[in-house]
Amino acid sequence: MQKIIVFLGPSLDREAAEKILSADYRPPAKRGDLLAAVEDGATIIGLIDGVFHQESAVAHREILAALKKGVRVVGSSSMGALRAAEMDTLGMAGIGEIYHMYKSGELESDDEVALVFDPSSGLALSEPLINIRFTLKRAKDTGIIDTAVHDALLASARSVFYPQRTYRTIVLRAGDTVDAGTRKRFLTWVETGQCDQKKEDAVAALEYIRKIAGEKLER
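Residues numbered from 1 in each chain as written. Predicted model: local features only at pLDDT ≥ 70, side-chain atom pairs only at ≥ 80, totals over all residues. Heavy atoms only, no water.

**Overview of the overall build of the protein chain**
Phase 1: Counting its regular elements, the protein chain contains 10 helices and 5 strands.
Phase 2: Relative to the 2.2 N^0.38 estimate, which gives 17 Å for 219 residues, the radius of gyration of the protein chain is 18 Å and therefore close to what a compact globule would have.
Phase 3: Considering only C-alpha atoms, the protein chain reaches an extent of 60 × 35 × 35 Å along its principal axes.
Phase 4: Counting every position in the protein chain, which comprises 219 residues, the buried fraction comes to 51%.
Phase 5: Summed over all atoms, the accessible surface of the protein chain reaches about 10,800 Å², with 49% contributed by carbon and sulfur.
Phase 6: When the 29 positive and 32 negative side-chain charges of the protein chain are each reduced to one mean point, those points stand 2 Å apart. (Helix = DSSP H or I, 4+ residues; strand = E, 2+ residues; numbered from the N terminus. Rg over C-alpha atoms; globule rule 2.2 N^0.38 Å. Buried < 20%, exposed > 50% of the residue type's maximum accessible area, 1.4 Å probe, protein only. Areas by Shrake-Rupley, 256 points an atom, 1.4 Å probe, with all protein chains shown as cover. Lys, Arg positive; Asp, Glu negative; His and termini not counted. Charge placed at Lys NZ, Arg CZ, Asp CG, Glu CD.)

Here it is, written out as structure tokens:
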């Protein structure tokens, strides 16, 4: 019998996660949490969300310790994608587009996936840069903005400290580089058109874990 422990927070809400995979869901991982999961008998650990600056982040050595004990460790979406890109050669499995972008070197900084969230509800209070990247690309591809505006908004997003990143903030920070009409059009579109790559990758990771655990999805 597999014992699955998944560290999950703002990347995907708990209710949606439970429809995909039956698991012991725990809050975003901090240092020592993976070792505790191993002590609790985990046979598969899903590392999706983890703390960055609030407390000490998950250490490489605790992932390695879990792997050495035969625990399958799967990383995706956020802290999991970062650690998987660093440790996949040692046996950690990486899932999703964000993981592949870190692995290829297209992404380097943990700032790409960092955000602030309400610890009680798990709801995101800022927008991660990686989601903004995908959203701006979609906006450009669908003709909502042109290449110059895409580049201006991306530069603006990168200049904003991660806890303060929202679409309205980055549009305002871009200033006169984006005209008023385009600002209004983009902000109206983004309400329904924005991308959530972290969510997509989290879903992919849970589906992968379900597969390797041999579970059947019941709806």
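Here the narrative resumes, following the displayed structure.
**Observations concerning the packing of helix H5 (residues 97-104) against helix H10 (residues 197-213)**
Phase 1: Two elements in contact, H5 and H10, have axes whose closest approach is 8 Å; the angle formed by their N-to-C orientations is 105 degrees. The orientation of H5 with respect to H10, classified from their angle, is roughly perpendicular. Side by side, H5 and H10 meet where Glu97, Ile98 and Tyr99 of the first sit next to Gln197, Lys198 and Asp201 of the second.
Phase 2: Residues belonging to the contact of H5 with H10 are distributed by class as follows: 2 nonpolar, 1 polar and 3 charged. (Axes fitted to C-alpha atoms, helices over the stretch in contact; angles between N-to-C directions. Parallel < 35°, antiparallel > 145°, perpendicular 65-115°, else oblique. Contact = heavy atoms within 4.5 Å. Nonpolar A, V, L, I, M, F, W, Y, C, P; charged D, E, K, R; others polar.)

**Considering the pairing of strand S4 (residues 72-76)**
Phase 1: Where burial is concerned, most of S4 is hidden: 4 out of the 5 residues are buried.
Phase 2: Here strand S3 (residues 44-47) pairs with S4 via 4 bridges, running parallel. Pairing of Gly46 across the sheet is with Val74, part of S4.
Phase 3: With helix H4 (residues 79-87) bridging S4 and its parallel neighbour strand S5 (residues 93-95), the resulting β-α-β unit is right-handed. (Pairing = 2+ DSSP bridges. Right-handed = clockwise from strand over helix to strand, strands pointing away.)

**Re the pattern of salt bridges**
Phase 1: Tallied over the full model, the rule gives 9 salt bridges.
Phase 2: The closest approach of N and O atoms between Lys30 and Asp33, which form a salt bridge, is 3.4 Å.
Phase 3: For Asp33, a relative accessible area of 17% puts it in the buried group.
Phase 4: Across the pair Glu112 and Arg133 runs a salt bridge whose closest N-O atoms are separated by 2.8 Å. Placement of Glu112 in the loop between H5 and helix H6 (129-141) and of Arg133 in helix H6 is noted, with a sequence separation of 21 residues between them.
Phase 5: By relative accessible area, Glu112 is classed as buried at 7%.
Phase 6: Overlapping salt bridges, with partners in common, bring together Asp24, Arg26 and Asp40 in one network. (Salt bridge = Lys/Arg side-chain N within 4 Å of Asp/Glu carboxyl O.)

**Considering the packing of helix H7 (residues 147-159) against helix H8 (residues 167-174)**
Phase 1: The interhelical angle for the contact between H7 and H8, taken along N-to-C directions, is 110 degrees, at an axis separation of 8 Å. Viewed along their axes, H7 and H8 adopt a mutual orientation that is roughly perpendicular. Counting all contacts with H7, which are made through Leu153, Ser156, Ala157 and Ser159, the residues of H8 involved are Ile170, Val171, Arg173 and Ala174.

By themselves, these observations are geometric and do not establish any function.
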